[in-house]
Amino acid sequence: HEVVSVEEDPHLSDVGAQLLRHALGKRQLVRHLPLLLGEETTLLELLETLREVYELPVFDLVLLGGSDGASCAAQAQDLVAARVLRSDGLVLAILQDDAQRYLQELAERGDFMSQVQEISGKNL
């Protein structure tokens, strides 16, 4: 199994890697690939690098960061365009209304199934 973590902040990347090492212990069942995203690097470029350099063409689970709805919607659009999700893959994100509308449009086109859950007054 493979876990890829992508951060823009080196400190968060380091803390995440330490947390994952602690959780996994000495087990070698899961390999962690921590990546730092450059300021000018797009998600599509990152996905291309993962496919071509690291031979990671598809993912079962993608967690989108940030609470900016437009950013999450753009990231979801890039994931669909790059065809990097398995047919039963899952994307988790905290979304605002504009991103929810985009995911509903994807679902209507048949590209994506989406479901919104309300938790503590916030939509997921």
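### Observations concerning the overall build of the protein chain
Helix and strand counts for the protein chain come out as four helices and six strands. Reading the protein chain from its N terminus to its C terminus gives the helix and strand order β-α-β-α-β-α-β-α-β-β. Look at the contacts in the protein chain between residues 6 or more apart in sequence, and 63% of them connect residues 24 or more apart. About 9000 Å² of surface is accessible on the protein chain, with carbon and sulfur atoms providing 51% of the total.

### Quick notes on the pairing of strand E1 (residues 2-7)
By the bridge criterion, six bridges tie E1 to strand E2 (residues 31-36) in an arrangement that is parallel. When the bridges of E2 are listed, Glu7 appears paired with Leu36. The parallel pair E1 and E2, bridged by helix H1 (residues 10-24), forms a crossover whose chirality is right-handed.

Rules of the game
Within each chain, residues carry numbers counting from 1 in the order of the written sequence. Under the rules for a predicted model, residues below a pLDDT of 70 receive no local features and side-chain atom pairs below 80 are neither given nor counted, while totals for whole chains, interfaces and linings still include all residues. Side-chain calculation: all heavy atoms of the structure are included, whereas hydrogens and water are not. Put simply, DSSP marks the helices as runs of H or I at least four residues long and the strands as runs of E at least two long, and each gets a number from the N terminus on. Residue contacts are defined here by distance: any two heavy atoms, one from each residue, within 4.5 Å place the two residues in contact. Working definition of accessibility: Shrake-Rupley area with a 1.4 Å probe, residue cover restricted to the visible protein chains. Note: two strands are recorded as paired if DSSP finds a minimum of 2 bridges between them. A right-handed crossover is one whose linking path, passing over the helix from the first strand to the second, runs clockwise when the strands point away from the viewer.

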